[in-house]
Amino acid sequence: MSEPMTRTPAPIDPARLRPVLASTLGEARTLPAEAYTSPDVLAWEERHFFEGSWVCVGRAEALASPGDQTAVRVGKEGILLVRDAQGALRAFHNVCRHRGHELLEIGATRNLRAIKCPYHAWVYALDGTLAGAPRFGDVPGFDRADYPLIPVLVREWRGWVFANASGDAPPLEEHVGNLDELVAPWEPERLFVAARHDYVVRANWKVITENYHECYHCPSIHPELCEVTPVDSGENFPQTGCWVGGSMELKPHAVTMSLSGASGGVRLRGLSQTQARQVIYVGLFPNLLISLHPDYVMTHRMEPLGPGETLVECAWLFPPEVREIEGFDPTYASEFWDITNREDWAACESVQRGLASRGHRQGPFAWSEDEVHAFMAMVARGYVDGRVSVPPRVQEPSVAG
Ligand code: FES
Ligand SMILES: [Fe+2]
């Protein structure tokens, strides 16, 4: 397993983080601009928030059969994911034990009974043991047993795959906390990906997350969304894990989030009457946003490409029952959200340009931005502590407005 990492505070002036951690929302201010624009801060985040925590690297269904392999990036680390012969998911640093060539190109997938290095053809079994090293038979003292691949912690949670590259994050159950209970009725583990869009957004990953956590902007930029959901509806959830989230109601005519409010799928079987009238939006730190609808689940999985650039992989997950609907087409969901996503990306990219201005100052929060504040406070506390923990909460006002 990897060496436990040394954790240091982020390269940001602590005096600029103190206002983010104020004890009342009225006194609290947004994160300073350098949190979004500095390459040093991003490098620190990649190490402490991504490599040093549990990062979602995709869906388990992408690695369904023995021998399935893919290489993903977590922070600056390349990780090889493998479904072994017994059906267990394994992960290794994507580095050959010979001279360090990558075992598989990041983003590539393959199915092979072994892991073969493309450089000098060393071959590893799916459990990471070295099975063959051409022309090493006559090298004195060489023992294949000394050169297994270096494992990485990997876990599945409700159909999503998570990796902890540093090997020293607290258990995934602790990281997820009571989010498991919250999402359980949607049974994400039995859903499959029916549609997917990839976007490159010219904004920091936190700008995208913060935008996701409020609907204060909805009347200004989302005419389609305002047709199906009242923007001031819903409530936030108290959490025991590293996540932030809340619910929103559907308008009476709408059964889901789509342009007409109609569904082209089926209602998920485990939902209560109340859950079937809501959409729940949660962000599991650092990179997975989960939107629970009555008939589908949408996720945004983020990978920072630079301080001002993020890859966003948006996926729409449906229950197996939709396969029985003749001519089932997930675009009623994906089209609605593609329109909404693009409206959001334009806003996020504008915010990113504003953050880069010498005229930027740390701003205040409205009560409808309390989840944005909870997220920023979780980030600010993580910058100070060197690791992320459950978001601190400010006191709720007696009358929210
Ligand atoms: S670096 Fe992999 S076989 Fe040489
Ligand atoms: Fe939005």
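Residues numbered from 1 in each chain as written. Chains lettered and ligands numbered in written order. Predicted model: local features only at pLDDT ≥ 70, side-chain atom pairs only at ≥ 80, totals over all residues.

J.: Looking at this structure, I do not really get the overall build of the protein. What am I missing?
T.: Helix and strand counts for the protein stand at 10 helices and 16 strands. Compactness check: the protein gives a C-alpha radius of gyration of 22 Å against a globular reference of 21 Å for 401 residues, within 12% of the reference. Overall, the protein is about 80 × 60 × 35 Å in size when its C-alpha atoms are taken along their principal axes. Out of the 401 residues belonging to the protein, those deemed buried represent 42%. (Helix = DSSP H or I, 4+ residues; strand = E, 2+ residues; numbered from the N terminus. Rg over C-alpha atoms; globule rule 2.2 N^0.38 Å. Buried ≥ 20, exposed ≤ 12 C-beta atoms within 10 Å, placed from the backbone.)

J.: Looking at this structure, I do not really get the sheet that holds strand β1 (residues 55-59). What am I missing?
T.: If you walk across this open sheet you meet the 3 strands as β1-β10-β9, and the pairing is antiparallel. Since the sheet does not close on itself, it has two edges, and those belong to β1 and β9 (153-157), each with one partner. Averaged over neighbouring strand pairs, the angle between their axes works out to 30° when direction is ignored. Pairing between β9 and strand β10 (residues 160-164): 5 bridges, direction antiparallel. When the bridges of β10 are listed, V154 appears paired with A163. (Pairing = 2+ DSSP bridges. Axes fitted to C-alpha atoms, helices over the stretch in contact; angles between N-to-C directions.)

J.: Got a minute to help me understand unusual backbone geometry in this structure?
T.: Generally, phi is negative for residues other than glycine and the peptide bonds are trans, each holding for most cases. Residues F285 and P286 are joined by a peptide bond in cis, for which omega reads -5°. Along the chain, P286 turns up in the loop between β13 (278-284) and β14 (288-292). Positive phi is not limited to glycine here, since R158 has a value of about 50°.

J.: Can you walk me through the pairing of strand β16 (residues 309-318) in this structure?
T.: Most of β16 sits inside the fold, with 7 of its 10 residues counted as buried. For strand β11 (residues 192-201) and β16, the ladder comprises 9 bridges, and the chain directions are antiparallel. Along β16, the bridge assignment pairs A195 with W316. The pairing of strand β15 (residues 297-306) with β16 spans 9 bridges and is classified as antiparallel. Across the sheet, residue P304 finds its bridge partner in β16, namely T310. The hairpin turn running from β15 into β16, its antiparallel successor, is 2 residues long.

J.: I'm lost on the domain arrangement of the protein in this one. Help?
T.: The figure often quoted for interface size is the accessible area lost as the parts come together. Looking at the protein, the domain boundaries give domain 1 (55-161) and domain 2 (177-361). Distance from the C-alpha centre of domain 1 to the C-alpha centre of domain 2: 33 Å. Contacts between domain 1 and domain 2 engage 8 residues on the former and 11 residues on the latter. By residue number, the principal contributor to the side of domain 1 that touches domain 2 is β1, which donates 3 residues. Of the residues contributing to the side of domain 1 that touches domain 2, the split by class is 3 nonpolar, 1 polar and 4 charged. (Domains from an automatic or database assignment. Contact = placed C-beta atoms within 7 Å. Nonpolar A, V, L, I, M, F, W, Y, C, P; charged D, E, K, R; others polar.)

J.: How should I be thinking about the pairing of β14 in this particular structure?
T.: Note on strand geometry: in a regular strand, side chains alternate between the two faces of the sheet. Among the 5 residues of β14, 5 are classified as buried, and the element is accordingly described as predominantly covered. The alternating pattern of β14 places L288, I290 and L292 and L289 and S291 on opposite faces, both of which are buried. Where β13 folds back onto β14 in an antiparallel hairpin, the turn is made up of 3 residues. Taken together, the 5 bridges between β14 and β15 define a ladder with antiparallel strand orientation. Bridge pairing in β15 places L288 opposite R301. Here β14 folds back onto β15, and the loop between the two strands holds 4 residues.

J.: Would you mind going over the nonpolar core with me for this structure?
T.: Nonpolar side chains tend to gather and get buried jointly when the protein is soluble and globular. In this structure, V57, I79, L80, L81 and A163 are the most contacted members of the largest nonpolar core, which totals 105 residues. When residues in this core are grouped by element, the largest group, 9 residues, is from helix α10 (residues 370-385). Among the domains, domain 1 (55-161) and domain 2 (177-361) are the pair contributing at least three residues each to this core. (Core = buried A, V, L, I, M, F, W, Y, C linked by C-beta atoms within 7 Å.)

J.: Would you mind going over the sheet that holds β16 with me for this structure?
T.: The strands making up a sheet are joined through hydrogen bonds of the backbone, oriented either antiparallel or parallel. Read from one edge to the other, the open sheet built from 6 strands follows the order β11-β16-β15-β14-β13-β12, with strand pairing classed as antiparallel. Strands with a single pairing partner mark the edges of an open sheet, and in this sheet they are β11 and β12 (243-249). Mean inter-strand twist for the sheet, computed between neighbouring axes without regard to direction, equals 15°. As paired strands, β13 and β14 are joined by 5 bridges and run antiparallel to one another. Within β14, the position partnered with Y281 by the bridge is S291. Helix α9 (residues 331-355) rests against β11, β15 and β16 of the sheet, and its axis sits at about 20° to β11.

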